[in-house]
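Examination of the molecular architecture
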Amino acid sequence: MLADIDAPAHAESLVQCLSHAHSYADEIRRMLAEGRPDSDRAAILVQAIRNMLCAAEDDLDALDDVQVQLDAVAAIHGLSDVDLFGAITDTPTSGNS
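Residues numbered from 1 in each chain as written. Predicted model: local features only at pLDDT ≥ 70, side-chain atom pairs only at ≥ 80, totals over all residues. Heavy atoms only, no water.

Attention now moves to the overall build of the chain. Each helix and strand in the chain was counted, giving 3 helices and 0 strands. Each helix and strand of the chain, ordered N terminal to C terminal, gives the series α-α-α. When each of the 97 residues of the chain is scored for burial, the buried share is 15%. For the chain, the accessible area works out to roughly 7,400 Å², and carbon and sulfur atoms hold 59% of it. (Helix = DSSP H or I, 4+ residues; strand = E, 2+ residues; numbered from the N terminus. Buried < 20%, exposed > 50% of the residue type's maximum accessible area, 1.4 Å probe, protein only. Areas by Shrake-Rupley, 256 points an atom, 1.4 Å probe, with all protein chains shown as cover.)

Further remarks concern helix α1 (residues 7-33). Spanning 27 residues, α1 covers 38 Å between terminal C-alpha atoms, matching the ideal 39 Å at 1.5 Å per step. For α1, the set of buried residues is Ala7, Leu14, Cys17, Ala21, Ile28 and Met31. Buried residues along α1 sit against α2 (39-77). Note on α1: the residue one or two positions beyond its end, Gly35, has a positive phi of about 70°. (Expected span 1.5 Å × (residues − 1). Contact = heavy atoms within 4.5 Å.)

Evaluated as defined, the whole model comprises 4 salt bridges. Across the salt bridge formed by Asp26 and Arg30, the nearest N and O atoms sit 2.7 Å from each other. Within this pair, Asp26 and its partner Arg30 are both found in helix α1, separated by 4 residues, close to a single helical turn. Asp26 sits in the partly exposed class, given a relative accessible area of 24%. Shared partners join several salt bridges into a network, and the residues in it are Asp26, Arg29 and Arg30. (Salt bridge = Lys/Arg side-chain N within 4 Å of Asp/Glu carboxyl O.)

We now examine the nonpolar core. Core analysis: the largest hydrophobic core is formed by 9 residues, namely Leu14, Cys17, Ala21, Ile28, Met31, Leu45, Ile49, Met52 and Ala56. Aside from chain neighbours lying at most four places away, what touches Ile49 is Ala21, Tyr24, Ala25 and Ile28. (Core = buried A, V, L, I, M, F, W, Y, C linked by side-chain atoms within 4.5 Å.)

A cluster of like negative charges, contributed by Glu57, Asp58, Asp61, Asp64, Asp65 and Asp71, occupies part of the molecular surface. Within the secondary structure, Asp71 is located in helix α2. For Asp71, a relative accessible area of 43% translates into the label partly exposed. (Patch = residues over 30% accessible without salt bridge, like charges linked within 9 Å, V, L, I, M, F, W, Y side chains within 5 Å. Lys, Arg positive; Asp, Glu negative; His and termini not counted. Charge placed at Lys NZ, Arg CZ, Asp CG, Glu CD.)

A word on the state of the cysteines. Scanning the model with the defined rule gives 0 disulfides in all. No disulfide involves Cys17; its nearest neighbouring cysteine sulfur is the one of Cys54, lying 10.0 Å away. (Disulfide = S-S within 2.5 Å.)

Put into structure tokens, the structure is as follows:
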């Protein structure tokens, strides 16, 4: 598949994950600014931030895969007809001479 039809969903999920992580960090900031630190709540919030960042990384990986595919398509579009025909018909080499 040349384009991931789920890319918009990955992008939206990334936005949501980062938004949640920001909200959790903001809650920790408020807690500390008010001088009412709650170590149990802070530990829960830190773990929630980690979870959101891990989920965001998964979405970034999926979007990076899409970008690699788009770059490959762009490179193909830049080939001349002769180069494209050669790329399709030539026997691949292992790179060892």
